[in-house]
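Commentary on secondary and tertiary structure
Residues per chain are reported as follows:
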Amino acid sequence: MTDASSTPALANIGVVGLAVMGSNLARNLASREGNTVAVYNRSRSKTDELVAEHPEAGFIPAFSYEEFAASLSKPRTAIIMVKAGRPTDAVIDSLVEVFEPGDIIVDGGNAYFPDTIRREKAVRETGINFVGAGISGGEEGALTGPSIMPGGSDESWVTLGPILKSIAAVAEGEPCVTHVGHDGAGHFVKMVHNGIEYADMQLIAEAYDLIRRGTGKTPAEIADVFAEWNKGELESYLIEITAEVLRQVDAETGKPLVDVILDQAGAKGTGAWTVQTALALGVPVSGIAEATFARSLSSHPEQRAVAASLPGPDEEFRVDDVDGFIEDVRQALFASKIIAYSQGFDEIRAGAAEYNWTIDLGAVSKIWRAGCIIRAQFLNRIADAYAEQPDLPVLATAPYFAEALTRGQAAWRRVVVAATQAGIPSPAFSSSLAYYDGIRAERLPAALVQGQRDFFGAHTYKRIDKEGTFHTQWSGDRTEIEAEDTH
Ligand code: 6PG
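Quantities reported herein were computed from a predicted structural model and do not represent experimental measurements. (Residues numbered from 1 in each chain as written. Predicted model: local features only at pLDDT ≥ 70, side-chain atom pairs only at ≥ 80, totals over all residues. Heavy atoms only, no water.)

We now examine the overall build of the protein chain. Of the regular secondary structure elements, the protein chain holds 20 helices and 11 strands. On C-alpha atoms alone, the protein chain measures out to a radius of gyration of 26 Å, which is about the 23 Å that the 2.2 N^0.38 rule sets for 487 residues. Reported as C-alpha extents along the three principal axes, the dimensions of the protein chain are approximately 85 × 65 × 45 Å. Contacts in the protein chain between residues at least 24 apart in sequence constitute 67% of all its contacts with a sequence separation of at least 6. Summed over its atoms, the accessible surface of the protein chain is roughly 23,000 Å², and 53% of this surface lies on carbon and sulfur atoms. Of note, the protein chain has its 42 positive side-chain charges centred 1 Å away from the centre of its 67 negative side-chain charges. (Helix = DSSP H or I, 4+ residues; strand = E, 2+ residues; numbered from the N terminus. Rg over C-alpha atoms; globule rule 2.2 N^0.38 Å. Contact = heavy atoms within 4.5 Å. Areas by Shrake-Rupley, 256 points an atom, 1.4 Å probe, with all protein chains shown as cover. Lys, Arg positive; Asp, Glu negative; His and termini not counted. Charge placed at Lys NZ, Arg CZ, Asp CG, Glu CD.)

Grouped together as the largest cluster of nonpolar side chains are 91 residues, with contacts concentrated most on F226, W229, I359, W368 and F429. In terms of residues, this core owes the most to one element, helix 15 (residues 322–355), which gives 15 residues. W368 has contacts with S147, M149, V189, H193, I196, F345, I348, I374, R375, A376 and L379, leaving out every residue within four places of it along the chain. If you look at the next biggest cluster of nonpolar residues, it comprises 28 residues, including I13, V15, I104 and I135. (Core = buried A, V, L, I, M, F, W, Y, C linked by side-chain atoms within 4.5 Å. Buried < 20%, exposed > 50% of the residue type's maximum accessible area, 1.4 Å probe, protein only.)

Turning our attention to the pairing of strand 2 (residues 37–40). Where burial is concerned, the two faces of strand 2 agree: the one with V37 and V39 and the one with A38 and Y40 are both buried. Bridge count for strand 1 (residues 13–16) against strand 2 is 4 bridges, and the pairing is parallel. Bridge pairing in strand 2 links G14 to A38. The handedness of the strand 1 to strand 2 crossover, carried by helix 1 (residues 20–30), is right-handed. Bridge count for strand 2 against strand 3 (residues 60–62) is 3 bridges, and the pairing is parallel. The residue bridging V39 from the neighbouring strand is P61, located in strand 3. Each parallel crossover has a hand, and the one from strand 2 via helix 2 (residues 44–53) to strand 3 is right-handed. (Pairing = 2+ DSSP bridges. Right-handed = clockwise from strand over helix to strand, strands pointing away.)

What follows covers the pattern of salt bridges. All chains considered together, the criterion is met by 28 salt bridges. We note a salt bridge from E233 to R407, for which the minimum N-O separation is 3.4 Å. Residue E233 is found in the loop between helix 9 (219–229) and helix 10 (237–247), and its partner R407 is found in helix 18 (residues 399–422); the two are separated by 174 residues along the sequence. Here E233 falls in the buried class, since its relative accessible area comes to 17%. Notably, a salt bridge pairs E480 with R463, separated by 3.2 Å at the nearest N-O pair. Note that E480 is positioned in strand 11 (residues 480–482) and R463 in the loop between helix 20 (446–457) and strand 10 (470–472), a separation of 17 residues in sequence. With relative accessibility at 32%, the residue R463 sits in the partly exposed group. Among the charged side chains, a salt-bridge network with shared partners connects D89, D107, D115, R118 and R119. (Salt bridge = Lys/Arg side-chain N within 4 Å of Asp/Glu carboxyl O.)

In this section: the pairing of strand 1. Regular strands place side chains that alternate from one sheet face to the opposite one. Of the two faces of strand 1, both are covered, the one formed by I13 and V15 as well as the one formed by G14 and V16. Pairing geometry for strand 1 and strand 4 (residues 77–80), over 3 bridges, is parallel. Looking at the pairing, V15 lines up with I79 of strand 4.

On to the site of the ligand, then. Taken together, 14 residues are adjacent to the ligand, and S136, E197, Y198, K268 and R295 come closest. At 2.9 Å, a backbone N or O of G137 approaches an oxygen atom of the ligand. Between an oxygen atom of the ligand and a side-chain N or O atom of N194, the distance comes to 3.2 Å. Out of a free accessible area of 410 Å², the ligand has 80% covered by protein chains. Of all the elements, helix 8 (residues 185–215) adds the most residues to the shell around the ligand, at 5 residues. Partitioning the shell around the ligand into residue classes produces 3 nonpolar, 7 polar and 4 charged. (Near = heavy atom within 4 Å. Polar contact = N/O pair within 3.5 Å; in protein donor to acceptor, adjacent residues only side chain to side chain. Nonpolar A, V, L, I, M, F, W, Y, C, P; charged D, E, K, R; others polar.)

Turning our eyes to something else, we now look at the packing of aromatic side chains. Scanning the model with the defined rule gives 20 aromatic pairs in all. Each ring, one from F188 and one from Y355, has its centre 6.4 Å from the other, and the planes form 55°; the classification is tilted. Taken as a pair, F188 in helix 8 and Y355 in helix 15 lie far apart in primary sequence, 167 residues in all. Aromatic rings pair up to connect Y112, F113, F188, W273, Y355 and W357 into one cluster. (Phe/Tyr/Trp six-rings, centres within 6.5 Å; stacked < 30°, edge-to-face > 60°.)

Here it is in structure tokens:
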């Protein structure tokens, strides 16, 4: 914000869409030296409210797109903070009408990256720049410093970079924003961020469930466990808020709040997009997928009511060594978390190759160190791993993580076995372990699958001992022939 005597007549940045995220982002922008912020909202009342409630921000209110464009210095730069989908398209169309070549339209919502690729292409034809920028950190992050993942052109980054750096969270002196890559790269990376967020949350939820059912500890007691874990290698925002959620008592009933919240998890779609995209790319993000499916499973009360009659194990689950079990769960959580991040980074690597983006995985891990929902101490370790080896094929094999997996694998296995025997669902823990065992296996039964495919569909197979593509004549004399790989 600039003081009144030097307030320029024009704003260097504008925000369209003044619901909580938009107004908080506008306030964040206005609070930084050198920024003057124009604001516009479809319904006038929100604009009036924001301007009246925050005179210190020095907002320039606009009540039409023409006024909004006239209040911005060139190149005009506007961040759209409206609902993903049709509302975003409508705002883009309106801005394109009043903006000029060289101006910049930024979509700061959670857009699906193919939409961003499409929009960027269409808007580029008008000479206007379009940038899809993932913004993470929730309402508070928008206000105090989010992690920002912009895509778009190099030209737009010249103007946008300093503005976004001014409002981003700071980790070890570095702003949590980087030009991720062209067109949809920013929203792609934000999508995977959310996929990892789903996995992280599900893993924490499984850890809580196992401890509660295995030890009989109360939510408040488990809050203490999480608070303790937050002092070590698991230190992260999600662990921190988990302790707070578990400690919360419901004012109406006096029960732990977690016991009165309906156990059906919602989802706005970013987790599903991450999994759909991974399936299309052929990347096994099994931890993220199981976390997404776990939310779906929870949200089918009609099925759950019927299936409740199915039997579980006879014996009640109670561990003898409470502290030992909790430490095992901690190790299993850390190991599974390493796998979730490893899978997520694998998807970003594959997405970059598919869509011709140059994405610096180390830079991505650095901008996730603060501001965003998955911020965690160990993102520094991921940054170190990519600094050491930028083309690392499997993040989990970097020395720090390999050591942690080596140290934690026995506990991880004990926890998955205990959960299985106790009939406690732990899809994220167990699928992460299965991925670990799969990716490290010297030989997989995929060879048998290839044999089956060749049997029923002549899909051919390759051999370990010579070049070429082969088919066995299963219905005839079962001799092997060299085949054209046409299936
Ligand atoms: C963030 C969050 C944010 C939002 C999620 C919630 O990074 O700030 O991820 O984008 O809270 O989209 O997603 P679900 O409603 O699907 O859990």
